[in-house]
Amino acid sequence: DAGVIQSPRHEVTEMGQEVTLRCKPISGHNSLFWYRQTMMRGLELLIYFNNNVPIDDSGMPEDRFSAKMPNASFSTLKIQPSEPRDSAVYFCASSWGRGGGNQPQHFGDGTRLSIL
Amino acid sequence: EDKVVQSPLSLVVHEGDTVTLNCSYEVTNFRSLLWYKQEKKAPTFLFMLTSSGIEKKSGRLSSILDKKELFSILNITATQTGDSAVYLCAVEHGSSNTGKLIFGQGTTLQVKP
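What this report covers is the structure whose coordinates are included nearby.

What counts, and where the lines are drawn
- Residues numbered from 1 in each chain as written.
- Chains lettered and ligands numbered in written order.
- Predicted model: local features only at pLDDT ≥ 70, side-chain atom pairs only at ≥ 80, totals over all residues.
- Heavy atoms only, no water.
- Helix = DSSP H or I, 4+ residues; strand = E, 2+ residues; numbered from the N terminus.
- Rg over C-alpha atoms; globule rule 2.2 N^0.38 Å.
- Buried < 20%, exposed > 50% of the residue type's maximum accessible area, 1.4 Å probe, protein only.
- Contact = heavy atoms within 4.5 Å.
- Buried area = accessible area lost by both parts, 1.4 Å probe.
- Salt bridge = Lys/Arg side-chain N within 4 Å of Asp/Glu carboxyl O.
- Polar contact = N/O pair within 3.5 Å; in protein donor to acceptor, adjacent residues only side chain to side chain.
- Nonpolar A, V, L, I, M, F, W, Y, C, P; charged D, E, K, R; others polar.
- Pairing = 2+ DSSP bridges.
- Axes fitted to C-alpha atoms, helices over the stretch in contact; angles between N-to-C directions.

1. Considering the overall build of chain A
When you go through chain A residue by residue, the secondary structure sums to 0 helices and 11 strands. Ordering the α and β elements of chain A from the N terminus gives β-β-β-β-β-β-β-β-β-β-β. Taken over C-alpha atoms, the radius of gyration comes to 14 Å for chain A, in line with the 13 Å a tight globule of 116 residues would show. Looking at chain A residue by residue over its 116 residues, the buried ones come to 49%.

As structure tokens, then:
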């Protein structure tokens, strides 16, 4: 079975540009998570969706960040305008979530983002 | 404030040694504790623990949860160089159908030949 698929694998762009990261969750999973990983702060949850609906975006650092999930098989994380401090590895994860017995989250290989 | 703390932060051992990694937590509405292994790319799932005192085992790896004392350990016996990685502990919490994960800082394990 295909795992979580993220694109691009690497992105290098200049400050001020718009960046769009993409994620295809595992087929059948109904929960999708976006994380950011840095050396200083480790893995941090940015936002998560359940059944395509954003449930908690309290981890989104500021208004420059936005995320969408138009259907069960696709999600985007957008940064506009990008800044050097946004440089990090961004992971997408998915799971099957149900009350009282969630399944573990499975991660994609991440997008390494560098903002110059 | 919800938090997950792992120790040690780094560890260097030789092949064949046994290691114990620690994870303590303080969260509201605890649901489960998970262990992941991260090499160069994605964290890969190892164990999910929900009940105290029940050991989960997979080959040379095993883990147990103590919900009274709020900690978990991950044991690796007869370590191999392929065990070198960052081991992440995460706690799922929340009252909705989908729990949020809080990750610890990770323990970097290096196994020398």
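2. As for the interface of chain B and chain A
Contacts between the two partners involve 18 residues from chain B and, on the opposite side, 24 residues from chain A. Here chain B meets chain A over a buried area of about 1,700 Å², counting both sides, of which 55% is carbon and sulfur. Here chain B and chain A share 1 salt bridge between them. With a closest N to O distance of 2.7 Å, Lys100 of chain B and Asp56 of chain A form a salt bridge. Here chain B is connected to chain A by 3 residue pairs in polar contact (both at pLDDT 80 or more). Contributing elements (two or more residues each) for the side of chain B that touches chain A: β4 (30–38), β5 (43–49), β9 (85–93) and β10 (100–103) of chain B. It is β4 of chain B that contributes the most residues to the side of chain B that touches chain A, 4 residues altogether. By residue class, the composition of the side of chain B that touches chain A is 9 nonpolar, 5 polar and 4 charged.

3. Concerning the side chain of Ser62 of chain B
Residue and element names in this part refer to chain B. Relative to the elements of secondary structure, Ser62 occurs in strand β7 (residues 61–66). Accessibility expressed as a relative area gives 8% for Ser62, which makes it buried. Within the local environment of Ser62, its side chain forms a polar contact with the side chain of Glu55, the two groups lying 3.4 Å apart. In this structure, Ser62 is in contact with Phe47, Glu55, Lys56, Lys57, Ile73, Leu74 and Asn75, ignoring residues within four places of it in sequence.

4. Some words on the pairing of β4 of chain B
Regular strands place side chains that alternate from one sheet face to the opposite one. Residue and element names in this part refer to chain B. The buried fraction of β4 amounts to 8 of the 9 residues, a majority that puts the element mostly inside the structure. As paired strands, β4 and β9 are joined by 8 bridges and run antiparallel to one another. Bridge pairing in β9 links Phe30 to His93. Where β4 and β5 come together, 6 bridges link them in antiparallel fashion. Looking at β5, one finds that Lys37 is bridged to Thr44.

5. Overview of unusual backbone geometry
Here the amide bond leading from Gln80 of chain A into Pro81 of chain A is cis, since omega sits at -5°, within 30 degrees of zero. Each neighbour pair has its own omega, and for Ser7 of chain B with Pro8 of chain B the value is -10°, a cis peptide bond. Tracing the chain through its elements places Pro8 of chain B in the loop between β1 (3–7) and β2 (10–14). The phi torsion at Asn52 of chain A lies on the positive side, around 75°, for a residue other than glycine. Looking at the secondary structure, you find Asn52 of chain A in the loop between β5 (42–50) and β6 (53–56).

6. Looking at the pairing of β7 of chain B
Residues and elements named next belong to chain B. Judged from the 3 bridges that link them, strand β6 (residues 56–58) and β7 form a sheet pairing that is antiparallel. Paired with Ser58 across the two strands is Leu61, which belongs to β7. A loop of 4 residues connects β7 with strand β8 (residues 71–76), the two strands running antiparallel in sequence, and Leu70 in this loop sits at a positive phi of about 60°.

7. A word on the sheet that holds strand β3 (residues 19–24) of chain A
Residues and elements named next belong to chain A. Taken in spatial order, the 4 strands of this open sheet run β1-β3-β8-β7, and their pairing is antiparallel. A single partner strand is all that each edge strand has here, and the edge strands are β1 (5–7) and β7 (65–71). Taking the axes of each pair of neighbouring strands and ignoring which way they run, one obtains an average angle of 15° across the sheet. Of the pairings in the sheet, the one linking β1 to β3 comprises 3 bridges and is antiparallel in character. Residue pairing in the sheet places Ile5 in a bridge with Lys24 of β3.

8. Let's talk about the side chain of Arg36 of chain A
All names here are of chain A. The residue Arg36 is located in strand β4 (residues 31–38) in this model. Since its relative accessible area comes to 12%, Arg36 is described here as buried. If we ignore the near neighbours within four places in the chain, the residues touching Arg36 are Gly42, Leu43, Glu44, Leu46, Pro61, Phe65, Arg85, Asp86, Ala88, Val89 and Tyr90.

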